[in-house]
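Structure at a glance
Residue-level listing of the chains:
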Amino acid sequence: MLKQKAARAALDLITPKLTTSSIVGVGTGSTTNYFIDALAEIKHVFDAAVSSSEASADRLRGHGIHVLDLNATARVDVYVDGADEVNSARQLIKGGGAALTREKIVASAADEFICIVDESKVVDTLGAYPLPVEVIPMARSLVARGLVGLGGQPVWREGVVTDNGNWILDVHEFMVADPLAMEAAINNLAGVVCNGLFAVDAADTVLVAGAGGVNPLA
């Protein structure tokens, strides 16, 4: 399976860099779950993990990996996570699992951000995958109107509450020609907690799994 191959490649890449004082940041989602399972094989090599979601933290603990709150560590050596889309500039859309805010926080704290995807996630222009936006519940309608003004079609992801107690709007029909500018514009809407564009904090390395193996995105 391509997701498993990408996860294994990430493990192989980071293992030589880790020491017994290293902190590994871990994201959320199906591809990242394979990485967590692989990470358990080398849990004696690093000190602890920082997780972007309660679900990932539970999976890490289930493997006997010590999980720290980000506030309890001065740094994160490397952060490994998947993505819903990635472009040639290694900019991403993330948040299909509704953990985008914590993912962006841990990615920002890390010295290195490694993204693991299969080849179907590589696109020319971000936006075919609906862009998740985390919002304060009372501001859902206000933010939705603002997103329409920016050219998107927001849909409330009903029944989903983030680990931060907020709601998600998924923005459809929203091809993003300038991810840096759009990330800032959405974040400037009152009531937005975070959006799923990772342009300011793009990935340092993207490992893409395909029929020919796993290769870094050029």
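Below, the structure is looked at part by part.

Conventions adopted
- Residues numbered from 1 in each chain as written.
- Predicted model: local features only at pLDDT ≥ 70, side-chain atom pairs only at ≥ 80, totals over all residues.
- Heavy atoms only, no water.
- Pairing = 2+ DSSP bridges.
- Helix = DSSP H or I, 4+ residues; strand = E, 2+ residues; numbered from the N terminus.
- Buried < 20%, exposed > 50% of the residue type's maximum accessible area, 1.4 Å probe, protein only.
- Arc of directions from axis to C-beta.
- Contact = heavy atoms within 4.5 Å.
- Axes fitted to C-alpha atoms, helices over the stretch in contact; angles between N-to-C directions.

**Considering the sheet that holds strand β5 (residues 85-86)**
Read across the sheet, three strands follow the order β5-β6-β12 without closing on themselves; strand pairing throughout is antiparallel. Of all the strands in the sheet, just β5 and β12 (197-198) have a single pairing partner and so form its edges. Taken together, the two bridges between β5 and strand β6 (residues 92-93) define a ladder with antiparallel strand orientation. Each bridged residue has a counterpart across the sheet, and for E85 the counterpart in β6 is I93.

**A closer look at helix α6 (residues 179-187)**
The complete set of buried residues in α6 reads P179, M182, E183 and I186. For α6, the buried positions fall inside an angular range of 105 degrees around the axis, keeping them on one side. For α6, the secondary structure elements touched by its buried residues are α4 (100-109), β8 (131-135), α5 (140-149), β11 (192-195) and β12.

**Side note on the environment of D47**
By the element assignment, D47 lies in the loop between α2 (30-39) and β2 (48-51). The exposure class of D47 is partly exposed, given its relative accessible area of 41%. Sequence separation of D47 and S22 is 25 residues, and the distance between their C-alpha atoms is 5.4 Å. In this structure D47 touches T19, T20, S21, S22, I23 and H66, once residues within four positions along its chain are discounted.

**Looking at the sheet that holds β8**
The sheet built from four strands is open, its strands ordered β9-β10-β8-β11 with antiparallel pairing. Each having just a single partner strand, β9 (153-156) and β11 make up the two edges of the open sheet. For this sheet, the mean angle separating the axes of adjacent strands, direction not counted, is 30 degrees. In terms of strand pairing, β8 meets strand β10 (residues 167-172) through five bridges, oriented antiparallel. Considered in β10, the bridge of P132 is made with D170. Against the sheet, α4 touches β8, β10 and β11, its axis set at about 65 degrees to β11.

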